[in-house]
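Inside the fold
Each chain is listed here by its residues.
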Amino acid sequence: MLGLILLLVGIAVILIVLAKLTTKKFEYKCPKCGETFSLSTVQELFTFEIMGFSPVRCPKCKRWSVSPIRVKQK
Ligand SMILES: [Zn+2]
């Protein structure tokens, strides 16, 4: 029974990772200095989203802030 639960959890984690890897590129805007930036795939794996906002660290001013997520246009 425990093995089955672990298997299901494992599958769920793999699906989440795959969904993140194949997702569109997002970009973030620092509300403090106005810098627009994107994250690497690895960083995005560890970034969580709440109602279209994400806590991210600005590469320019190095401060953490809650940034609105925007889909990067090609
Ligand atoms: Zn900034």
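Up top is the structure these notes are about.
Residues numbered from 1 in each chain as written. Predicted model: local features only at pLDDT ≥ 70, side-chain atom pairs only at ≥ 80, totals over all residues.

1. Description of the sheet that holds strand E1 (residues 26-29)
Pairing within the open sheet is antiparallel, and its four strands lie in the order E2-E1-E4-E3. Among the strands making up the open sheet, the edge pair consists of strand E2 (36-38) and strand E3 (53-57). The average angle at which neighbouring strand axes cross in this sheet is 45°, direction not considered. Pairing between E1 and strand E4 (residues 64-71): three bridges, direction antiparallel. Residue tyrosine 28 lies in a different strand from E4, and its bridge partner there is isoleucine 69. (Pairing = 2+ DSSP bridges. Helix = DSSP H or I, 4+ residues; strand = E, 2+ residues; numbered from the N terminus. Axes fitted to C-alpha atoms, helices over the stretch in contact; angles between N-to-C directions.)

2. Points about the environment of phenylalanine 26
If you trace the backbone, phenylalanine 26 turns up in strand E1. Assessed through the 17 C-beta atoms surrounding it within 10 Å, phenylalanine 26 is described here as partly exposed. Along the backbone, phenylalanine 26 and lysine 62 are 36 residues apart, and their C-alpha atoms lie at a distance of 19 Å. Contacts of phenylalanine 26, omitting those with residues within four sequence positions, involve Ser38, Ile69, Arg70, Val71 and Lys72. (Buried ≥ 20, exposed ≤ 12 C-beta atoms within 10 Å, placed from the backbone. Contact = placed C-beta atoms within 7 Å.)

3. Section: unusual backbone geometry
For methionine 51, which is not glycine, the phi dihedral falls at a positive 50°. Within the element layout of this structure, methionine 51 appears in the loop between helix H2 (41-45) and E3. Residue classification places methionine 51 among the exposed residues on the basis of 7 C-beta atoms within 10 Å. Even without glycine at this site, lysine 62 takes up a positive phi of about 60°. Relative to the assigned elements, lysine 62 resides in the loop between E3 and E4.

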